[in-house]
Amino acid sequence: MSIDDKSRYAAAAFVVLLLLSIVWPAPVVSINRLWLHEPIPIDELSFLGRESPSWDVVFWFIAGLFAIAVVQSGEPAGEISVWRRRLRRRWQVELPRGFMIALAGAAAIVAFTWLLADSAIVAVAERVSSEAIEDTIRYANRLGGGMNPPMIIAFFLIAGVVYRRRRWTEYGIAMALAAITAGIFAQIVKFAVARTRPELWLGPFHYARTTANSFPSGHTVAAFALGGVLLFASRNVPLRVMAMLLAIFVAVARVLAFRHWPSDVVASALISLLAAWIATSALLRVDVGEVHADEP
């Protein structure tokens with residue numbers, strides 16, 4: 001089997017692993033309900049890394065087996081040193097051309113949404129709320145939060161080295177840089193603005209931690225930081241479209257869950273896209289006419 005075939009199979013297996021992380025621990029709950037009938041402290045509302053970390057051990061065992069299989073199936077010899085030389089040759093941190101114009105435009109979009117659309121859109125979200133939407137929201141929240149963004153970054157880093165796909169490795173590093181940069185900035189803004197979440201605005205029948213601030217959205221920051229790197233750097237159009245659709249899915253879910261105002265997720269998306277633009281401009285410069293055989 002060629003190294004390209006191995007990388008494709010590994011990518012497909014990782015998608016399955018990612019889906020498992022989103023629904024975890026539903027398989028354990030279902031098996032117990034069907035055959036064992038034992039009292040366990042988890043249910044369908046539990047999710048990876050939160051309520052019962054001891055039950056997550058099974059998932060991380062599966063993830064560890066997957067990582068071992070990827071490492072064993074690849075040919076990483078010499079790839080790290082090659083990538084390091086390439087990084088030193090290309091690394092140059094500078095703001096992309098037109099960045100200040102994009103920043104001003106982003107601020108205007110957030111202000112417009114904040115002033116004119118927030119209350120109206122949240123009111124619509126309250127009217128369309130249903131049990132089916134709540135179930136969908138739950139999975140979207142898991143996709144954009146918890147350990148899923150780090151898992152995606154780790155896959156690109158490890159698989160890129162193991163399967164000698166330098167572009168994947170660069171995606172992983174650009175994703176990490178964009179997520180860290182946007183995340184730090186978002187946390188600073190969150191504590192500075194201290195905006196009330198819409199679930200508190202709607203009334204006491206919605207549960208919320210009163211210390212949690214709304215602006216901006218951490219889940220949306222992570223989703224658009226990772227998706228933004230693929231949007232700006234990948235030449236695979238279906239991959240770019242899928243990355244953006246998933247990021248938008250996470251952002252919309254945060255509004256439908258009444259955890260964030262529309263302007264929160266718009267600001268988060270724009271912050272992360274700007275961070276991803278800078279990261280890809282610094283790390284993924286491509287000379288005219290250069291061909292990447294390892295482009296996904």
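Data block above holds the structure.
To keep things clear, this report deals only with the structure shown in the data block. Every value quoted in this text rests on a predicted model; they were computed, and no experiment measured them. (Residues numbered from 1 in each chain as written. Predicted model: local features only at pLDDT ≥ 70, side-chain atom pairs only at ≥ 80, totals over all residues. Heavy atoms only, no water.)

## Re the pattern of salt bridges
The criterion, for reference: Whenever Lys or Arg places a side-chain nitrogen within 4 Å of a carboxyl oxygen from Asp or Glu, that contact is recorded as a salt bridge. A helix here means a DSSP run of H or I that spans at least four residues, while a strand means a run of E at least two residues long, and both kinds are numbered starting from the N terminus. For the exposure calls, accessible area comes from a 1.4 Å probe over protein chains only, and a residue counts as buried if that area is under 20% of its type's maximum, exposed if over 50%, partly exposed in between.
The full count for this structure, using the stated rule, is one salt bridge. The shortest N-O distance in the salt bridge between Asp-5 and Arg-8 comes to 3.0 Å. Note that Asp-5 and Arg-8 are positioned in helix H1 (residues 3–23) at a spacing of three residues, about one turn of the helix. Using a relative accessible area of 32% as the deciding quantity, one classes Asp-5 as partly exposed.

## A short note on the packing of H1 against helix H8 (residues 148–162)
Applied cut-off: To get an axis, a line is fitted to the C-alpha atoms, and for a helix only the part in contact is used. The angle between two axes follows their N-to-C directions and goes from 0 to 180 degrees. Angular relationships are summarised with four words: roughly parallel below 35 degrees, roughly antiparallel beyond 145, roughly perpendicular across 65 to 115, and oblique for the angles in between. Crossing handedness: left-handed means the near helix sits turned counterclockwise from the far one by under a right angle, and right-handed means the same turn made clockwise. Note on contacts: a residue pair qualifies if any of its non-hydrogen atoms lie within 4.5 Å across the two residues. Gly falls in the polar group here, along with every residue not listed as nonpolar (Ala, Val, Leu, Ile, Met, Phe, Trp, Tyr, Cys, Pro) or charged (Asp, Glu, Lys, Arg).
Running from N to C, H1 and H8 point in directions that differ by 165 degrees, and their axes come no closer than 11 Å. Comparing their axes, H8 and H1 come out roughly antiparallel. The handedness of the crossing between H1 and H8 is right-handed. Judged by residue contacts, Ile-3, Ala-10, Ala-11, Phe-14, Leu-17, Leu-18, Ser-21 and Ile-22 of H1 engage Asn-148, Met-151, Ile-152, Phe-155 and Val-162 from H8. Within the contact of H1 with H8, the residues separate by chemical class into 11 nonpolar, two polar and no charged.

## Some thoughts on the packing of aromatic side chains
Geometrically, a pair of aromatic rings is defined through the distance of the ring centres and the angle of the planes. Put simply, the test is: Aromatic pairs are defined between Phe, Tyr and Trp rings, using the six-membered ring for Trp, whenever the two ring centres lie within 6.5 Å; interplanar angles under 30 degrees are classed as stacked, those over 60 as edge-to-face, and all others as tilted. Here, a charge over a ring means that NZ of Lys or CZ of Arg falls within 6 Å of the ring centre while also lying within 35 degrees of the ring normal.
Inspection of the entire model under this criterion finds nine aromatic pairs. Between the aromatic rings of Phe-59 and Trp-60, the centroid separation amounts to 5.0 Å while the plane-to-plane angle is 75 degrees, which identifies the pairing as edge-to-face. Classification of Trp-60 as partly exposed rests on a relative accessible area of 35%. Put simply, the rings of Phe-14, Phe-66, Phe-155, Phe-156, Trp-168 and Tyr-171 touch in pairs and so form one group of aromatic residues. Just above the ring of Tyr-139 sits the side chain of Arg-138; from NZ or CZ to the centre is 5.6 Å.

## Re the environment of Val-189
As for its placement among the helices and strands, Val-189 is situated in helix H9 (residues 166–193). With 26 residues separating them in the primary sequence, Val-189 and Phe-215 have C-alpha atoms 7.2 Å apart.

## Structural notes on unusual backbone geometry
Cis geometry marks the peptide bond from Trp-24 to Pro-25; its omega dihedral reads 5 degrees. Position of Pro-25 among the secondary structure elements: in the loop between H1 and helix H2 (26–36). Positive phi, normally seen in glycine, also occurs at Arg-164, with a value near 60 degrees. With respect to the helices and strands, the residue Arg-164 is situated in the loop between H8 and H9.

## Remarks on the packing of H8 against helix H11 (residues 218–233)
At a minimum axis distance of 10 Å, the contact between H8 and H11 shows a crossing angle of 25 degrees. Comparing the axis directions of H8 and H11 gives the class roughly parallel. Across the interface between the two elements, Pro-149, Ile-152, Ile-153 and Phe-156 from H8 touch Ala-222, Leu-226 and Leu-230 from H11. A per-class count over the contact of H8 with H11 returns seven nonpolar, no polar and no charged.

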